[in-house]
Structure formats: structure tokens, C-alpha cells
Amino acid sequence: MSSDAPADEVLHRIESGVSWITLNRPEAMNAVTWDQRERVIALLAEASADPGVRAVVVTATGKGFCAGADLRGAPAAPGERVAGDVARMIRLGAQRLITAVLDCEKPVLAAVNGTAAGIGAHLALACDLVVAAESARFIEVFVRRGLVPDGGGAYLLPRLVGPQKAKELMFFGDAVPAAEAERLGLVNRVVTAGELEATAREWAERLAQGPTRALALTKQLVNASLDGGRAAALAAEATAQEINMTTADANEGVASFVERRSPKYLGR
């Protein structure tokens, strides 16, 4: 699906093998529009397919990471709403954005610079690693609007904090400060606002120098591990290792060990 998002509403650059995707509507606390969402989905797909991209960072400008969905940019709904319209909108919208992150073949790091609310919180939590500024907050805002959490929230949150804590966050919709989010396991690391970009760059560039295909297969194994039984997980693990042993990076990893030197991974 094509995207008509103005280029300056989603900034994009590739540096040192890292694809930087930056939401850029600070005046709206980066509430994500339909066009922005399509652009982010497209960039994540491009990252998967481009061997020159070996890690992704999702971040934002201004004081907010993403305040949720901004439906004002959505295509107009034709005529009256009928049963099925809302479910279709969720499937094609919020759920596609979250699955684009989960299914990206490169590790995706969220650099959360401020408030992450609603689908914005789920966008961050779908990422493989989360670094947050001290000013960041995570808010399951849906209940405040009388809504059910969407964008995979009821799937993601219990896997990170357990079902009872997930219910507490979703039932009350209270803001979770960065330090508390780190304690709960929603965030890997909290840093000052001034350190956020540098920390994200350091982590992303470390990932970009790693064995890219092994990381992709590891991501798939971990993401699938909570959805199936032990037999399926072990079978998937064996298959992943079989596939990975065909890569140049696996051969380099073994050779470097034998030769007692640091490996030089090429992402292939």
C-alpha cells in the first residue's frame, strides 16, 4: 500500500547500517496519522528487505513519542457504519502497524523521548528493545475513552508484565513514569533526555554490527515462544539453527572462535 505522508512528518535516514524512523509532528505530540502509519509500515518492510539495513530505531521529535492515533487523516468512511467496519479498520490500521514491528526481520529499538499513549505505547512495546528518557510516560489511555485496547495491547502487555499487572494498567489507564516502566520490565534502560539519542545510537550500531540473520531468527523464536508449546518451540529452534548455519556470519563466528580473533559480521 502506498503512502502519501508528507516527507517531513516521518523523517528517515540510514546511518552506519541503522534505519532511523522519526515521527515528526511535535505540535500534535506525534499522534500518528493514517499517512504516517503507512509510511512507517513501508519503511519497516524496506528495512527487512535491504541487506544494508541491519537495525532500526523508532523515535520522535519534541516532547511526545506518540500520543496515540490521530484519526483526522484517515480516509472518509463511505456512508453509514455497518457491522464489521470497525474490526476491519483495526485489522488494517493499528494491528498492521504493530505486526510490522513484530515481523520486521531486523532488530527494532524504540527510543522513547516522551509520552507514549494508546497505540503509541503499543508501538514502543512491540519493539525488541526500549530505551526511554526520564520524561517518558506510558499510558494505556483506552479506558479513559471507554474503549477496548487495540493495536495488540492485550497481547503485548501480559507478555511483558503478567496478566494481573496488565489488567491494572489497562483498567485504570494511569500514567506509568519511565522509572516505574523500567522496574516493571516495559523498558530496558532509562537515561536522561540528553543521553537518549546517543544511547539509542550505541545500541543500534552494536546490533548493526552483529550477525543479522541470527538476530532475525532469534527474534522470531522469542516472539513465538509464548504462543505455543515446548515441542513446537524446540522444533522451531532446531530449524532456525539449521537455516542459520548456512549463513556467512555463522561460518565467520565459528572461524573467529577457532582462530582466536574478533568476528567481523557482514549481515549475510
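Look up: the structure comes first, before these words.
Below is a summary of the structure that appears in this document.

Rules of the game
- Residues numbered from 1 in each chain as written.
- Predicted model: local features only at pLDDT ≥ 70, side-chain atom pairs only at ≥ 80, totals over all residues.
- Heavy atoms only, no water.
- Helix = DSSP H or I, 4+ residues; strand = E, 2+ residues; numbered from the N terminus.
- Rg over C-alpha atoms; globule rule 2.2 N^0.38 Å.
- Contact = heavy atoms within 4.5 Å.
- Areas by Shrake-Rupley, 256 points an atom, 1.4 Å probe, with all protein chains shown as cover.
- Lys, Arg positive; Asp, Glu negative; His and termini not counted.
- Charge placed at Lys NZ, Arg CZ, Asp CG, Glu CD.
- Expected span 1.5 Å × (residues − 1).
- Buried < 20%, exposed > 50% of the residue type's maximum accessible area, 1.4 Å probe, protein only.
- Pairing = 2+ DSSP bridges.
- Axes fitted to C-alpha atoms, helices over the stretch in contact; angles between N-to-C directions.
- Parallel < 35°, antiparallel > 145°, perpendicular 65-115°, else oblique.
- Nonpolar A, V, L, I, M, F, W, Y, C, P; charged D, E, K, R; others polar.
- Phe/Tyr/Trp six-rings, centres within 6.5 Å; stacked < 30°, edge-to-face > 60°.
- Lys NZ or Arg CZ within 6 Å of the ring centre and 35° of its normal.
- Disulfide = S-S within 2.5 Å.

What follows concerns the overall build of the chain. Looking only at helices and strands, one finds 11 helices and 10 strands in the chain. Relative to a compact globule of 268 residues, whose C-alpha radius of gyration would be 18 Å, the chain shows 19 Å and is just as compact. For the chain, the C-alpha atoms occupy an extent of roughly 65 × 40 × 40 Å along the three principal directions. Within the chain, residue pairs in contact and separated by at least 24 positions form 70% of the contacts whose partners lie at least 6 positions apart. A total of about 13900 Å² of accessible surface is found on the chain, and carbon and sulfur atoms cover 56% of it. Of the side-chain charges in the chain, 29 are positive and 32 negative, and the distance between the mean point of each set is 2 Å.

Quick look at helix H1 (residues 34-49) now. Residue pairs spaced three or four apart in an α-helix point in one direction, given the helix's 3.6 residues per turn. With 16 residues, H1 should cover 22 Å at 1.5 Å per step; its first-to-last C-alpha distance of 23 Å lies within 8% of that length. Residues of H1 that are buried: Gln 36, Arg 37, Glu 38, Val 40, Ile 41, Leu 43, Leu 44, Ala 47 and Ser 48. Buried residues belonging to H1 abut strand E1 (10-15), strand E2 (18-23), strand E3 (55-60), helix H2 (85-92), helix H3 (94-103) and strand E5 (108-112).

All right, on to the sheet that holds E5 then. Strands pair in a sheet through their backbones, by hydrogen bonds, and they do so in one of two ways: parallel or antiparallel. Pairing within the open sheet is mixed, and its 6 strands lie in the order E1-E2-E3-E5-E7-E10. Of all strands in the sheet, those bounded by a partner on one side alone are E1 and strand E10 (189-191). Neighbour to neighbour, the strand axes of the sheet diverge by 20° on average, direction disregarded. Across 6 bridges, E2 lies against E3 in parallel orientation. Across the sheet, the residue bridging to Trp 20 is Val 57, located in E3.

Before going further, it helps to examine the environment of Glu 252. Along the chain, the position of Glu 252 falls in helix H11 (residues 248-258). For Glu 252, the contacting residues outside a window of four places in its chain are Arg 261, Ser 262, Pro 263, Lys 264 and Tyr 265.

Interaxial distance between H2 and H3 falls to 3 Å at its minimum, and their mutual angle equals 25°. With respect to each other, H2 and H3 are oriented roughly parallel. Between H2, through Met 89, Ile 90, Arg 91 and Leu 92, and H3, the contact on the second element is made entirely by Ala 94, Gln 95 and Arg 96. When grouped by side-chain class, the residues that make up the contact of H2 with H3 number 4 nonpolar, 1 polar and 2 charged.

Before going further, it helps to examine the packing of aromatic side chains. Counted by the stated rule, this structure contains 0 aromatic pairs. One cation-aromatic arrangement involves Arg 13 over Trp 20; the distance from NZ or CZ to the ring centre is 4.6 Å. For Arg 159, the ring lying beneath its charged end belongs to Tyr 155, and the centroid distance is 3.7 Å.

Let us now look at the sheet that holds strand E4 (residues 64-66). With mixed pairing, the 4 strands of this open sheet are ordered in space as E4-E6-E8-E9. A strand with exactly one partner marks an edge of an open sheet, and here the two such strands are E4 and strand E9 (175-177). Neighbour-to-neighbour, the strand axes of the sheet open up by a mean angle of 20°, direction not taken into account. Note that strand E8 (residues 137-139) and E9 share 3 bridges and pair antiparallel. Bridging from a neighbouring strand, Arg 137 pairs with Pro 177 of E9.

Within the secondary structure layout, Leu 97 lies in helix H3. A relative accessible area of 4% means that Leu 97 is categorised as buried. Taking C-alpha positions, Leu 97 is 7.6 Å from Leu 123, a pair spaced 26 residues apart along the chain. Among residues more than four places away in sequence, those in contact with Leu 97 are Arg 37, Val 40, Ile 41, Ile 119 and Leu 123.

Attention now goes to the state of the cysteines. Covalent bonding between the sulfur atoms of two cysteines is what defines a disulfide. On inspection of all chains with the given rule, the structure shows 0 disulfides. As a non-bridged cysteine, Cys 104 has Cys 127 as the owner of its nearest cysteine sulfur, 9.4 Å distant. Overall, Cys 127 belongs to the buried group, its relative accessible area being 7%.

The next point concerns the environment of Leu 221. Inspection of the secondary structure puts Leu 221 in helix H9 (residues 212-225). The exposure class of Leu 221 is partly exposed, given its relative accessible area of 27%. Between the C-alpha atoms of Leu 221 and Leu 234, which are 13 residues apart in sequence, the distance is 9.3 Å. Look past the residues within four positions of Leu 221 in its chain and what remains in contact with it is Ala 236, Glu 237 and Ala 240.

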